[in-house]
Amino acid sequence: MTATDTHCPYCALQCGMTLTPEIPRVRLEPRDFPVNKGGLCAKGFSAADLLDHRDRLLTPLVRKGHGLREASWDEAFDRIVEAIHQAQTTYGRDSVGAFGGGGLTNEKAYALGKFVRVSLRSSSIDYNGRFCMSSAATAANRSLGIDRGLPFPLEDVAGANTVLIVGANPAEAMPPSMQYLEGTRFIVVDPRRTKTAAGAHLHLQPLPGTDLALANGLLHIAIREGYVDADYIERRTTGFEAVAQAVTAYWPGRVERMTGVPEGRLRHVARMLATEGPAMILTARGAEQHSNGTDTAQAYLNLALALGLVGKPFSGYGTITGQGNGQGGREHGQKADQLPGYRKLDDPAAREHVAKVWGIDPDELPGPGRSAYEMLTDDRLKVLLVLASNIAVSAPNSNRIRRQLEKLDFLVVSDIFLSETAELADVVLPAAQWAEEEGTMTNLEGRVLRRKRALPPPPDVRTDLEVLAELSRRLGREESSDPRTVFEELRRASAGGIADYAGITYERIEREDGIFWPCPAEDHPGTPRLFADSFPTPTGKARLLPVVHQDPAEMPDKAFPYVLTTGRNMQHYQSGNQTRRVKALTVALPEPRAEIHPDLARRHGIADGDLVELRSRRGAAVLRARLTDGIRPDTVFAPFHWPGANALTNPALDPHSRMPAFKACAVTITLHKEGTD
Ligand SMILES: Nc1nc2c(c(=O)[nH]1)N[C@H]1C(S)=C(S)[C@@H](COP(=O)(O)OP(=O)(O)OC[C@H]3O[C@@H](n4cnc5c(=O)[nH]c(N)nc54)[C@H](O)[C@@H]3O)O[C@H]1N2
Ligand SMILES: Nc1nc2c(c(=O)[nH]1)N[C@H]1C(S)=C(S)[C@@H](COP(=O)(O)OP(=O)(O)OC[C@H]3O[C@@H](n4cnc5c(=O)[nH]c(N)nc54)[C@H](O)[C@@H]3O)O[C@H]1N2
Ligand code: SF4
Ligand SMILES: [Mo]
């Protein structure tokens, strides 16, 4: 049996692994690839368990009364196409939409965007990256003119001396990446003493939702102490004066009161960033998934720019992308306002370029659609195709999301397992898995990689590309289902755009350990590092923008006195639809645990291991308590890998990115008596 070099199906690190089909099971081994250097986490090691898992969807299912029954592909397609025709005839084109995912290959994300705009001629499309990267992306676009999560290779992190990590827990979210932090002095900003924080030089423990104030406070100190790089500010940025003015109000004592982080610590961090470089600032979801997430990312960008870090060796600002193809998935058109190559749907030149590649008139292209939560809760949406997302578990305010999904005239879900979302569907389509198809993925560094086919899918299972091509055919348009052909088209569609893939080929990726975009021509080496000389903004300079602290959309009060924040555990991935089925992972972590400080627990008569009920204005969840003095006494943490956490979360949206406030809402805690739920 031949061994195939490919990458992990889960997160954006995209660790290299080798798959060898053996009887009875596929052998999975770590591979020495530049990002993981032979490392894998427990999820990666056990990923092959999903391939022949007994829960796998092996045939289409269609709704029959309250249940689902097996059906032929022909019947499944017939039902879907009939539902599309009926809704579009009665309610108009936008009544049919799609919801995509950052786990999809570039080819699939591209094909999905094209399917909705061209075959359905609908504007209704968005994807789960809205819930993930949208705030940092919005800030980077408006400030730097480009959104590539890390504008440098991961290996540059190892060359930094000081690294400020805000709202990220890479020791659990991307364990093999910790090797790059080993020789650095890193500072963690997190309301919890996470595994990452435990190994940090310093740990700042702010109240959730106050990261913007913290950044403005650090910049205030930097200006006062003369740490800012006046020459860099002059040559390479605009807008500093207004930002300097705005941060005068963030004196250390005030920031201490807002964030809970002692003044002395703030001064210490500002000094390290300015005088113990090279220095880097990295943010992730803890800072970004807030109703002011864009401005918070902006505040850290302002700080990095004022200190003159961006574009210098082993320095800069980056955001840690999450899903396997979280980066590529936000470049090629499954986002509501976007065309391939990170082009804007409302830009006439972009419409013209892409329409030409697609062989249509630019006027036939719909305009921008609604963002994820807005689309999903809009009653005008009647038919929805969900590809690679489990929104019934992972979207905010999930009770409302479930009601909306139930209200749809028709729901189609493509997945590899019967997810909580698929359970609500009228048609469920069984999808091929990562090791059964070809495609490309763009990792957290902007490195385009090849995901390769190591074995065939089960007989009655199809790839998402095959499904989209067949649906298009039945709607009157021929599309290719071959990944290479789709990638060739994506190259042309992206050519000249911000995320330019024109020079990337399957063969080059293979030869060169991946290629960093932008890569405009086949003889172009790709771009591992951005911003050395200029920024892709109209002035060539980076923009600083003044931002001011705003309280989270929902603050604790008498009725709901504590802050709930949510996030990840090492053993589980996202909505858990995959990892909750892997024995090694569920043995290691069988159920969700609410992390509660012993002082808070005592006040409510809660002991370690008790079931507690968390309740917010939107819903309730019962989970087991884990007492830990590593969390602030005013804050509770719950993972979202099981249904429950998102029944509580607040769907208040950031005004710029439309990101929901996953990381801060107000809750009550009570001891739950076993047997009463
Ligand atoms: N094991 C595992 N790994 C994953 C994933 C997974 O589901 N499981 N998902 C992948 C994806 S899609 C993503 S996006 C990444 C996410 O990676 P991370 O962003 O690192 O993960 P989170 O756990 O969501 O959030 C990070 C930390 O933010 C903290 N936090 C909460 N509220 C705040 C706040 O207001 N301010 C600050 N400063 N911190 C706060 C939390 O305590 C948490 O420790 O992980 C990727 N890797
Ligand atoms: N409370 C709270 N909620 C959150 C977050 C949080 O921190 N807190 N984080 C948010 C973030 S950052 C993210 S990224 C989202 C993620 O949330 P989801 O979008 O729900 O993520 P997954 O669980 O990865 O869903 C992917 C689904 O696609 C299936 N799948 C895998 N590969 C394929 C494929 O090739 N084709 C098809 N058709 N299906 C496939 C999987 O089985 C799985 O059911 O959750 C968000 N929700
Ligand atoms: S760190 Fe991410 S890519 Fe690497 S093995 Fe774990 S889940 Fe897979
Ligand atoms: Mo994510």
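The name that an unreviewed UniProt entry assigns to the chain is Molybdopterin oxidoreductase family protein, with the source organism given as Paractinoplanes lichenicola.

## Thoughts on the domain arrangement of the chain
It is common to give the size of an interface as the accessible area lost on bringing the parts into contact. Taken domain by domain, the chain holds domain 1 (77-131 + 325-437 + 461-478), domain 2 (134-320) and domain 3 (562-671). At the junction of the two partners, domain 1 supplies 20 residues and domain 3 supplies 21 residues. Both faces considered, domain 1 and domain 3 share a buried interface measuring about 1700 Å² in area, 56% of it formed by carbon and sulfur atoms. Inspection of the domain 1/domain 3 interface yields two salt bridges. For the salt bridge of Arg580 with Glu420, the shortest nitrogen-to-oxygen distance reads 3.0 Å. Here domain 1 and domain 3 share 12 residue pairs in polar contact (both at pLDDT 80 or more) between them. If you tally residues by element for the side of domain 1 that touches domain 3, the top one is helix 18 (residues 398-407), at three residues.

## Regarding the site of ligand 1
Around ligand 1, a shell composed of 32 residues is seen, among which Asp190, Asp211, Arg568, His572 and Gln574 lie nearest. Interatomic distance of 2.8 Å between a side-chain N/O atom of Arg192 and an oxygen atom of ligand 1. Here ligand 1 has 910 Å² of accessible area as a free molecule, and 99% of this is covered by the chains. Where the shell around ligand 1 is concerned, the elements lending two or more residues are helix 6 (170-173), helix 13 (285-288) and strand 23 (562-567). Class assignment for the residues of the shell around ligand 1 results in 10 nonpolar, 14 polar and eight charged. Viewed by domain, the shell around ligand 1 spans two of them, domain 2 (134-320) and domain 3 (562-671), each represented by three or more residues.

## Describing the packing of aromatic side chains
Geometry of an aromatic ring pair is reported as the spacing of the ring centres plus the angle between the planes. Going through the model one piece at a time under the given rule, you end up with seven aromatic pairs. Taken together, the aromatic side chains of Phe99, Phe131 and Phe662 make up a single cluster linked through ring pairs. Taking the ring centre of Phe637 as reference, the NZ or CZ of Arg192 above it sits at 3.6 Å. The cationic tip of Arg254 hangs over the ring face of Trp251; the distance from NZ or CZ to the ring centre is 5.8 Å.

## A short note on the pairing of strand 20 (residues 447-451)
Along strand 20, five of the five residues are buried, which leaves the element largely enclosed by surrounding structure. Residues Arg447, Leu449 and Arg451 of strand 20 are buried on one face, and the alternating residues Val448 and Arg450, pointing to the opposite face, are buried as well. The sheet contact formed by strand 19 (residues 439-442) and strand 20 spans four bridges and is antiparallel. Paired with Thr440 across the two strands is Arg450, which belongs to strand 20.

## Section: the packing of helix 8 (residues 211-224) against helix 10 (residues 240-247)
Running from N to C, helix 8 and helix 10 point in directions that differ by 105°, and their axes come no closer than 9 Å. The pairing of helix 8 with helix 10 is recorded here as roughly perpendicular in orientation. Contacts between helix 8 and helix 10 involve Asn216, Leu219, His220 and Ile223 on the former and, on the latter, Phe240, Val243, Ala244 and Val247. When grouped by side-chain class, the residues that make up the contact of helix 8 with helix 10 number six nonpolar, two polar and no charged.

## Here we look at the packing of helix 2 (residues 73-91) against helix 19 (residues 464-474)
Look at helix 2 against helix 19: their axes get within 10 Å of each other, and the N-to-C directions meet at 55°. In terms of their interaxial angle, helix 2 and helix 19 are classed as oblique. The element helix 2 and its partner helix 19 pack so that their crossing is right-handed. Where helix 2 abuts helix 19, its residues Trp73, Asp74, Phe77, Asp78, Ile80 and Val81 lie against Val467, Glu470, Leu471 and Arg474. Of the residues contributing to the contact of helix 2 with helix 19, the split by class is six nonpolar, no polar and four charged.

## Things to note about the pattern of salt bridges
Summed over all chains, the structure comprises 51 salt bridges. The salt bridge partner of Arg618 is Glu554, with a shortest N-O separation of 2.9 Å. Residue Arg618 is located in the loop between strand 25 (611-615) and strand 26 (620-627), and its partner Glu554 is located in the loop between strand 22 (542-543) and strand 23; the two are separated by 64 residues in the primary sequence. We note that Arg618, like Glu554, is buried. Between Glu595 and Arg626 there is a salt bridge, with its nearest N and O atoms 3.8 Å apart. Of the two residues, Glu595 is situated in strand 24 (residues 593-596) and Arg626 in strand 26; the sequence distance between them amounts to 31 residues. Exposure remark for Glu595: the relative accessible area of 8% places this residue in the buried category. Judged by its relative accessible area of 35%, Arg626 is partly exposed.

## Details of the sheet that holds strand 13 (residues 316-319)
A sheet is described by the order of its strands in space; here five strands give the open sequence 10-9-8-12-13, paired in parallel fashion. Each of the sheet's edge strands pairs with one partner strand only, and the pair in question is strand 10 (202-204) and strand 13. Direction aside, neighbouring strands of the sheet carry axes that sit 15° apart on average. Note: strand 9 (residues 185-189) against strand 10, three bridges, orientation parallel. Within strand 10, the residue paired with Val189 across the bridge is Leu204. Contacts from helix 12 (residues 263-275) reach strand 8 (162-166), strand 9, strand 10 and strand 12 (279-283) within the one sheet, and its direction differs from that of strand 10 by about 125°.

## Thoughts on the sheet that holds strand 18 (residues 427-430)
The strand order across the open sheet formed by seven strands is 5-4-18-17-16-6-7, and the pairing between neighbours is mixed. Either end of the sheet is taken by a strand with one partner, and the two such strands are strand 5 (67-70) and strand 7 (125-127). Each adjacent strand pair in this sheet contributes to an overall mean axis angle of 20°, direction not counted. Examined bridge by bridge, strand 4 (residues 61-64) and strand 18 share two bridges and lie antiparallel to one another. The partner of Leu61 across the bridge, within strand 18, is Val428.

## Brief notes about the site of ligand 2
Neighbouring residues of ligand 2: 28 residues in total, closest Asn128, Ser389, Ser394, Asp415 and Ser575. One of the side-chain N or O atoms of Asp415 is found 2.5 Å from an oxygen atom in ligand 2. With respect to ligand 2, the side chain of Arg568 contributes an N or O atom lying 3.2 Å from a nitrogen atom. A per-class count over the shell around ligand 2 returns nine nonpolar, 14 polar and five charged. Counting contributing residues, the shell around ligand 2 receives three or more from each of domain 1 (77-131 + 325-437 + 461-478) and domain 3 (562-671).

Conventions and cut-offs
Residues numbered from 1 in each chain as written. Chains lettered and ligands numbered in written order. Predicted model: local features only at pLDDT ≥ 70, side-chain atom pairs only at ≥ 80, totals over all residues. Heavy atoms only, no water. Domains from an automatic or database assignment. Contact = heavy atoms within 4.5 Å. Buried area = accessible area lost by both parts, 1.4 Å probe. Salt bridge = Lys/Arg side-chain N within 4 Å of Asp/Glu carboxyl O. Polar contact = N/O pair within 3.5 Å; in protein donor to acceptor, adjacent residues only side chain to side chain. Helix = DSSP H or I, 4+ residues; strand = E, 2+ residues; numbered from the N terminus. Near = heavy atom within 4 Å. Areas by Shrake-Rupley, 256 points an atom, 1.4 Å probe, with all protein chains shown as cover. Nonpolar A, V, L, I, M, F, W, Y, C, P; charged D, E, K, R; others polar. Phe/Tyr/Trp six-rings, centres within 6.5 Å; stacked < 30°, edge-to-face > 60°. Lys NZ or Arg CZ within 6 Å of the ring centre and 35° of its normal. Buried < 20%, exposed > 50% of the residue type's maximum accessible area, 1.4 Å probe, protein only. Pairing = 2+ DSSP bridges. Axes fitted to C-alpha atoms, helices over the stretch in contact; angles between N-to-C directions. Parallel < 35°, antiparallel > 145°, perpendicular 65-115°, else oblique. Left-handed = near helix turned anticlockwise from the far one by under 90°.

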